[in-house]
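# Chains, contacts and geometry: an overview
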Protein chains: 2
Amino acid sequence: MSDSTDANLQIGEVAERTGVTQRTLRFYEEKGLLRPPTRMEGGFRLYSDDDVKRVQKIRKLQDLLGISLAEIKEMVDAEGILRELRAQYRPEAALPEKRRQLEKAIEVTQAQYAIVQHKVSQMQEMGAQLDERLKLFASWMKELEKLERETAAAGR
Amino acid sequence: MSDSTDANLQIGEVAERTGVTQRTLRFYEEKGLLRPPTRMEGGFRLYSDDDVKRVQKIRKLQDLLGISLAEIKEMVDAEGILRELRAQYRPEAALPEKRRQLEKAIEVTQAQYAIVQHKVSQMQEMGAQLDERLKLFASWMKELEKLERETAAAGR
DNA sequence: TCTAACCTTGACGTTCCGGTAAGGTTGTTC
DNA sequence: GAACAACCTTACCGGAACGTCAAGGTTAGA
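Residues numbered from 1 in each chain as written. Chains lettered and ligands numbered in written order. Predicted model: local features only at pLDDT ≥ 70, side-chain atom pairs only at ≥ 80, totals over all residues.

Secondary structure summary: chain A contains five helices and two strands in total. Sequence-ordered secondary structure for chain A, helices as α and strands as β, is α-α-β-β-α-α-α. In terms of overall size, chain A is more extended than a compact globule, its C-alpha atoms giving a radius of gyration of 25 Å where 156 residues would be expected to give roughly 15 Å. Dimensions of chain A along its principal axes, counting C-alpha atoms only, are 90 × 45 × 30 Å. (Helix = DSSP H or I, 4+ residues; strand = E, 2+ residues; numbered from the N terminus. Rg over C-alpha atoms; globule rule 2.2 N^0.38 Å.)

This brings us to the protein's contact with DNA strand D. Close to DNA strand D lie 21 residues; Gln10(A), Gly12(A), Arg45(A), Gly42(B) and Leu69(B) are nearest. Listed by contribution, the elements that provide at least two residues to the surface near DNA strand D are helix 1 (11–18) and helix 2 (22–30) of chain A together with helix 2 (22–30) and helix 4 (69–87) of chain B. Residues of the surface near DNA strand D, tallied by class, amount to seven nonpolar, nine polar and five charged. (Near = placed C-beta within 6 Å. Nonpolar A, V, L, I, M, F, W, Y, C, P; charged D, E, K, R; others polar.)

Our next topic: the interface of chain A and chain B. Across the boundary between the two partners, chain A contributes 33 residues, which contact 33 residues of chain B. Mapped onto the side of chain A that touches chain B, the elements with two or more residues apiece are helix 3 (49–65) and helix 5 (95–155) of chain A. The leading source of residues in the side of chain A that touches chain B is helix 5 of chain A, at 30 residues. Looking at the side of chain A that touches chain B residue by residue, the classes come out as 17 nonpolar, nine polar and seven charged. (Contact = placed C-beta atoms within 7 Å.)

Rotating chain A by 180 degrees and moving it 0.0 Å along the rotation axis overlays it on chain B with an RMSD of 0.2 Å. As the rotation angle and translation indicate, the two copies are arranged about a two-fold axis. Mapped onto chain B, 100% of the interface residues of chain A are again interface residues, and the two copies thus contact each other with one and the same surface. (Least-squares fit on C-alpha atoms with pLDDT ≥ 70 in both.)

Attention shifts here to the protein's contact with DNA strand C. Around DNA strand C, the structure places 21 residues, and the nearest of them are Gly42(A), Ser68(A), Gln10(B), Gly12(B) and Arg45(B). Taken together, the elements giving at least two residues each to the surface near DNA strand C come down to helix 2 and helix 4 (69–87) of chain A together with helix 1 (11–18) and helix 2 of chain B. Of the residues that constitute the surface near DNA strand C, the class distribution is six nonpolar, ten polar and five charged.

To continue, consider the environment of Asp51(A). All names here are of chain A. If you trace the backbone, Asp-51 turns up in helix 3. Owing to 23 C-beta atoms within 10 Å, Asp-51 belongs among the buried residues under this scheme. As for Asp-51 and Leu-25, which are separated by 26 residues in sequence, their C-alpha atoms are 10.0 Å apart. With near-sequence residues (within four places) excluded, Asp-51 lies in contact with Val-14, Leu-34 and Pro-37. (Buried ≥ 20, exposed ≤ 12 C-beta atoms within 10 Å, placed from the backbone.)

Another aspect to go through is the environment of Ala154(A). Residue and element names in this part refer to chain A. If you trace the backbone, Ala-154 turns up in helix 5. Look at Ala-154 and you get exposed, because 7 C-beta atoms sit within 10 Å. Between the alpha carbons of Ala-154 and Asp-63 there is a distance of 54 Å; along the sequence they are 91 residues apart.

What follows is about the environment of Val116(A). Positionally, Val116(A) belongs in helix 5. Given 22 C-beta atoms within 10 Å, Val116(A) falls into the buried group. For the pair Val116(A) and Gly80(A), spaced 36 residues apart in sequence, the C-alpha to C-alpha distance is 21 Å. Not counting residues up to four positions away in its chain, the partners in contact with Val116(A) are Met123(B), Met126(B), Gly127(B) and Leu130(B).

Structure representation (structure tokens):
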């Protein structure tokens, strides 16, 4: 079984895999969205596959939901809790602590779900409007073409 | 029939109706997203109902599609063309010009439609994942509660 | 006429990075 | 083992899309 936390990717590799710039990866680190990676002797950053996944998650949340990095941090931190919960499932002790973590994760996930549902319905509405408009344009275009043919025939 | 281009709203009114700040309205004007409004003698800006609608359109595009103001400008300009086409429908003259405008409007609208469809499907996928996760959380929660009850019973 | 509420134009601050500079590290080749 | 390209480091400036004062002008009502 592979330890998925072994860090062996340099920043360039991660940038390529995730489609973000090295600048962005350092920025996320600065803002606490990525844990400070381990370093080589010379100071080069070393990332793990988990880091790659985390970056991909961040980008998806940004792209689809269009929310701030601060909010995204809350969400991905909740993901971290999920991993923790799953990993040490279950030491039987510290039940109240686990319960709080789980409640927090549920809360964040529900909020995220609500945003998604809301946006989906808004966008479907928008899509319908655009579709109608395209049909209108198509009919206008036919009108125009007819007029053009008539003009051409008259001018002949 | 009311001339919808009569400008009688001050910037504060418009800000309130649209939910954006006055700063944002001035910024949109600066960037060409809103036509420079007429002014009162003292220099106060006067907006029309059409301006309000335009601002609402801009915000919706930004919020739902998360695209740049430059791209939004293209889209709302295309809307303007639509209004023009509809208004002077049809002076019979300048057909090639009209055709080009219409083609541009169709192109922009189709691009917008494609973005919407793509995002909708991505978000639906995300919604499904979140739903699954919530179910998982719910089952964990039940587990936790069972453990708590057992612990309480043993400690009694 | 005076005052509260509203507006004006700056100018600087913030978020989320992109670009570029000036220099250190790594790995390969001669 | 010295050179060299490719890769990395920190650091700082720039831009988009505004937020937030600041200092003063305008309007409408008492």
